[in-house]
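Spelled out from the first residue to the last, the chains are:
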Amino acid sequence: MSFPINKVSGLPVWDSFPVAKIVNYPLEKRDYKPLAQARLCVNETDFCLRMWAFETAPSPQSRLICNLNFFPERSSRWISLRCGSDGRGQWLVCGPDKISPLAEYFVLPQLKAYVGEDLEGIYWGAVVALPLTALDSVYGAHELPLEHRLTGNLYKVDDAAGTRHYGCFYPVDFTRPDPYDAHSFGEFEIVAY
């Protein structure tokens, strides 16, 4: 079953979108499995992503990752949007044999990092707006019509020794040499509610 990405007009109304919960931590033997969530949408100009993780004191290596191949029928490349607990982003274009910075395509997303607290606890996260012109640069197309299907996955990872964990939305074999590649991708679909 594919996860829906809402097609909207204008600014996102985040609370109206479905939530992708990252709760699968296949290697975790302890109880430390931080809840992480994501909401996704696309409007006239941007692909928008909001990700957040509930961690009271995240390590500097704690990060949220969204890997998406926007046109799997025409390309084996995917865009990796990575947000760290330190409020920094990393934007990559990945493929089977090459990883390059998205900056080489002369377009970068906007990033708004945030921290907060609600009834579920203390969290950190980011809102990312990737201009659709980036899709033109990477794939040669940017139209994401209704029922268009993308492939990808969402991850919550931390490489620090004391808080190491690897979570995912779609199942991943984290023992593989590259658990973030297309072998771990599931399906996403453009919809309108």
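A short tour of the structure in this document, coming up.

Cut-offs applied
Residues numbered from 1 in each chain as written. Predicted model: local features only at pLDDT ≥ 70, side-chain atom pairs only at ≥ 80, totals over all residues. Heavy atoms only, no water. Pairing = 2+ DSSP bridges. Helix = DSSP H or I, 4+ residues; strand = E, 2+ residues; numbered from the N terminus. Disulfide = S-S within 2.5 Å. Buried < 20%, exposed > 50% of the residue type's maximum accessible area, 1.4 Å probe, protein only.

## Comments concerning the pairing of strand 7 (residues 89-94)
Turning to step 1, where the next piece is worked out: Two strands pair when backbone bridges link them, and strand 6 (residues 78-84) and strand 7 are joined in this way by six bridges, in the antiparallel orientation. Bridge pairing in strand 7 places Leu81 opposite Trp91.
Turning to step 2, where the next piece is worked out: If you look at the hairpin formed by strand 6 and strand 7, you'll find four residues sitting between the two strands, and Gly87 has a positive phi there, around 90°.
Turning to step 3, where the next piece is worked out: Count of turn residues in the strand 7/strand 8 (residues 99-101) antiparallel hairpin: four residues.

## Structural notes on unusual backbone geometry
Turning to step 1, where the next piece is worked out: Positive phi, normally seen in glycine, also occurs at Phe106, with a value near 60°.
Turning to step 2, where the next piece is worked out: In this structure, Phe106 sits in the loop between strand 8 and strand 9 (110-118).
Turning to step 3, where the next piece is worked out: Look at Glu147: it is not a glycine, yet its phi comes out positive at around 75°.
Turning to step 4, where the next piece is worked out: Within the fold, Glu147 resides in the loop between helix 1 (132-139) and strand 11 (149-158).

## Comments concerning the state of the cysteines
Turning to step 1, where the next piece is worked out: Applying the stated criterion to the full structure yields zero disulfides.
Turning to step 2, where the next piece is worked out: Of all cysteine sulfurs in the structure, the one in Cys83 sits closest to Cys66, which takes part in no disulfide; the separation is 8.8 Å.
Turning to step 3, where the next piece is worked out: Exposure remark for Cys66: the relative accessible area of 1% places this residue in the buried category.
Turning to step 4, where the next piece is worked out: No disulfide involves Cys94; its nearest neighbouring cysteine sulfur is the one of Cys66, lying 12 Å away.

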